[in-house]
Amino acid sequence: MNATIATSIFAAFMVLTLALGLLAVRGGGRGKGKGGLAEWSVGGRSLGTVFIWVLMAGESYTSFSYLGAAGWGYNFGAPVLYVLAYMSCGYAIGFVVGPMLWSYARRHGLVGITDLVAHRYGRRWLGTAVAILATVCLLPYIQLQITGMGVVVTTISYGAISLNWAYFIGFAVTTLFVVVSGLRGSAWVSVLKDVLVIATLAFLAVYVPQHYFGGYGPFLDRIVAEKPQWLTFPGHHSGGLDQGWFITTSLLNSLTVVIFPTTVAGYLGARSADALRRNAVLLPFYNVLLFVPMLLGMAALFVVPGLTGADSNLALFKLVVDSLPAWLVGVTGVAAALSSIVPMAVFMLVIGTMWGRSVLGAVPRLANRQKLWSQVVVVVAGALALLLTYTAPNTLVRLSLISYEGMAQLVPMILLGLVWRRLTLYGAVAGLAVGLVVVCGLVFTEHDPVGGMNAGIVALAVNLVVALAVTWLGPRPVDDRPDSEVLASDLDTGEDGPGAGGAPGDGAAEVSPSPAK
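Because the structure is a prediction, the values reported are computed rather than measured. (Residues numbered from 1 in each chain as written. Predicted model: local features only at pLDDT ≥ 70, side-chain atom pairs only at ≥ 80, totals over all residues. Heavy atoms only, no water.)

Visitor: I tried to follow the overall build of the chain on my own but got confused; where do I start?
Guide: Helix and strand content of the chain: 21 helices and 0 strands. Per-residue burial over the chain gives 57% buried out of 517 residues. Total accessible area on the chain is roughly 19,100 Å²; 69% of this is exposed by carbon and sulfur atoms. (Helix = DSSP H or I, 4+ residues; strand = E, 2+ residues; numbered from the N terminus. Buried < 20%, exposed > 50% of the residue type's maximum accessible area, 1.4 Å probe, protein only. Areas by Shrake-Rupley, 256 points an atom, 1.4 Å probe, with all protein chains shown as cover.)

Visitor: How should the packing of aromatic side chains be read in this particular structure?
Guide: Centre-to-centre distance and the angle between the planes together describe a pair of aromatic rings. A complete count under the given rule lists 17 aromatic pairs for this structure. Aromatic pair Y82 and Y86: ring centres 5.9 Å apart, planes at 25°, arrangement stacked. Pair noted here: Y82 and Y86 are both in helix 5 (residues 82-108), with a separation of 4 residues, about one helical turn. Judged on exposure class, the residue Y82 and its partner Y86 are both buried. Judged by centre distance (6.1 Å) and plane angle (55°), the ring pair of Y167 and Y390 falls under tilted. With a gap of 223 residues between them, Y167 in helix 8 (residues 163-213) and Y390 in helix 16 (residues 370-391) connect regions that are remote in the sequence. An aromatic cluster of three or more residues is present, and its members are W72, F76, Y82, Y86, Y141, W245, F260, F347 and Y404. Between the NZ or CZ atom of R120 and the centre of the ring of Y121, over which it lies, the distance is 4.4 Å. (Phe/Tyr/Trp six-rings, centres within 6.5 Å; stacked < 30°, edge-to-face > 60°. Lys NZ or Arg CZ within 6 Å of the ring centre and 35° of its normal.)

Visitor: How should I be thinking about unusual backbone geometry in this particular structure?
Guide: In terms of backbone geometry, most residues other than glycine have negative phi values and most peptide bonds are trans. Along the chain, F233 connects to P234 via a cis peptide bond; the corresponding omega equals 5°. Non-glycine residue H237 carries a positive phi angle of around 50°. Of note, H237 is situated in the loop between helix 9 (216-226) and helix 10 (243-257). For H237, a relative accessible area of 67% puts it in the exposed group.

Visitor: So what exactly am I meant to see when it comes to a nonpolar patch on the surface here?
Guide: A grouping of F95, V96, V281, L282 and F285 is seen on the molecular surface, where their side chains present a nonpolar patch of about 470 Å² in accessible area. Looking at where L282 falls in the secondary structure, it is placed in helix 12 (residues 273-286). (Patch = residues over 30% accessible without salt bridge, like charges linked within 9 Å, V, L, I, M, F, W, Y side chains within 5 Å. Salt bridge = Lys/Arg side-chain N within 4 Å of Asp/Glu carboxyl O.)

Visitor: I would appreciate a short explanation of the nonpolar core in the present structure.
Guide: Side chains that are nonpolar tend, in soluble globular proteins, to be buried together. Of all hydrophobic cores here, the largest spans 145 residues; its most connected members are I142, L410 and M413. A per-element tally of this core places helix 15 (residues 326-359) first, with 20 residues. In this structure, I142 is in contact with M344, F347, M348, I351 and A385, ignoring residues within four places of it in sequence. (Core = buried A, V, L, I, M, F, W, Y, C linked by side-chain atoms within 4.5 Å. Contact = heavy atoms within 4.5 Å.)

Visitor: How should I be thinking about the confidence of the model for the chain in this particular structure?
Guide: Detailed conclusions should not be drawn from predicted coordinates in areas where pLDDT is low. Averaged over the chain, the pLDDT score is 84; the fraction of residues at 70 or greater is 86%. Below pLDDT 50 for its whole length, residues 493-517 participates in 67 contacts with residues either more than four positions away or in separate chains. (pLDDT = per-residue confidence, 0-100.)

Visitor: Even after reading the chapter, I still don't get the environment of L410, so can you show me in this structure?
Guide: You can see L410 is positioned in the loop between helix 17 (393-407) and helix 18 (411-419). Between the C-alpha atom of L410 and that of I259, which follows or precedes it by 151 residues, the distance is 7.9 Å. Filtering out sequence-adjacent residues up to four positions away, L410 remains in contact with I113, V130, L133, I259 and L432.

Visitor: I'm lost on helix 6 (residues 113-121) in this one. Help?
Guide: One turn of an α-helix holds 3.6 residues; hence residues three or four places apart share an orientation. Counting buried positions over the 9 residues of helix 6 gives 9, a clear majority of the element. Burial in helix 6 covers these residues: I113, T114, D115, L116, V117, A118, H119, R120 and Y121. G122 sits one or two positions beyond helix 6 and adopts a positive phi of about 65°.

Visitor: Mind showing me how you'd approach the packing of helix 6 against helix 7 (residues 124-156) here?
Guide: Helix packing geometry: the angle between the two helix axes and the distance between the axes. Where helix 6 meets helix 7, the closest approach of the two axes is 7 Å, and the angle between their N-to-C directions is 150°. Between helix 6 and helix 7, the angle is such that the two are roughly antiparallel. Handedness of the crossing formed by helix 6 with helix 7: right-handed. Contacts from T114, V117, A118 and Y121 in helix 6 reach R124, L126, G127, V130 and A131 in helix 7. A class-by-class count of the residues in the contact of helix 6 with helix 7 yields 6 nonpolar, 2 polar and 1 charged. (Axes fitted to C-alpha atoms, helices over the stretch in contact; angles between N-to-C directions. Parallel < 35°, antiparallel > 145°, perpendicular 65-115°, else oblique. Left-handed = near helix turned anticlockwise from the far one by under 90°. Nonpolar A, V, L, I, M, F, W, Y, C, P; charged D, E, K, R; others polar.)

Visitor: In this structure, what is going on with the pattern of salt bridges? I would like to understand it.
Guide: Close approach of charged atoms allows side chains of opposite charge to pair. Counting across every chain of the model gives 6 salt bridges. Between D115 and R357 there is a salt bridge whose closest N-O contact spans 2.9 Å. With D115 in helix 6 and R357 in helix 15, this pair connects stretches of sequence that are 242 residues apart. Each member of the pair, D115 together with R357, is buried. Between D194 and K193 there is a salt bridge whose closest N-O contact spans 3.1 Å. Classification of D194 by relative accessible area gives buried; the value is 3%.

Next comes the structure, spelled out in structure tokens:
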């Protein structure tokens, strides 16, 4: 009976999710470019403050919020607070970077991170290379969201739905949803997701300490008395995640999050630069909710002790399933499932857009159907992540170790390149290549952290040194474009130029590489 009630609630909300996606399409813009790549991939650049806020908050509240954050709190304790630190710092950086990228993309008709680098350096092949790199870095996140949603569905069904079927349900719902509705649909569903996330976490923040410990006072007293190592660095058996790791990881991730392809997709979907600035001010308040799963993970230390390995990620849901009625288990499961669907949809959409625009779209015969090829790639990327979830889960989990640190190596190419004209193509590419080699070498030889620091920040430092050295000492291709064509500024209005109407292949001018001499 419990399984029937919980799964019925889950199924009803999944139908509602797909219905919202269809309504989002009907509610899209009806002007020029409707139905094109820009409308599907960046919501027609028309999302206001509320939609941008809930969409980008979806980056904060993935299945990691319910599973990983609680699991880290359960296993390690204090080091999990790096999530709050880097996201808050990232929003501060995004206050400047977001409007800058938005205006640059709008002026030049760009719809993604691959477009940005291709236009800045005047080389279409560079956009293709970045698309491949970003896909390698994003696929693990799709796989992890499929895994997280599968665990949630199996848990809230009290084991009635097997893990393999739960994986397929997560893939099928998300793929159908994103192919039909695009970024606008993700923004609409984010509203439903956020209502459920705020409601369930607020309830659990009060209910769990009161139910199991008699209140926060006794709960915190017990942690201090029995588990003090969970409250200080380097945490409990964290493998060296001390203050140096915390600072370098927070710095690296705060720089990386602002140029992460899914974040950039959120930026480019905004109606105005001011919407992004307001969003950067409001988003840190949302982070307060992340304390809840972290604390509840530590509460699970006393309620369900002995969880090891991947089972520690179930710490929060063990508390939920063991103590709440089935209908509340179902609602909580829906909130967690939507926290997988929304970011997974954006990851898949971004991969599809990058390939449809910068890889397949670069082939002349395919260039006029970029949206169609983007949607095909969405299905292929999701199916590949699902297949590897079944057959080789450790492969993508292993890759996930370098996903964020690998994407960090694009920071000089994008952020430095868009504000400093002298950075050359050769310098940017050489720095990126060396940074990737260094980070892969350190991670795969199990030297992360290295010297108490995040391996990614070490690789980024080497990346920057190489980029500057090659720029100063190496060849300097001639680019005849004026600074206003190459560089970005957050003061741009973005209201003139080809970007206002759509995307290449869907009615707007194409990005043209500059001549190199």
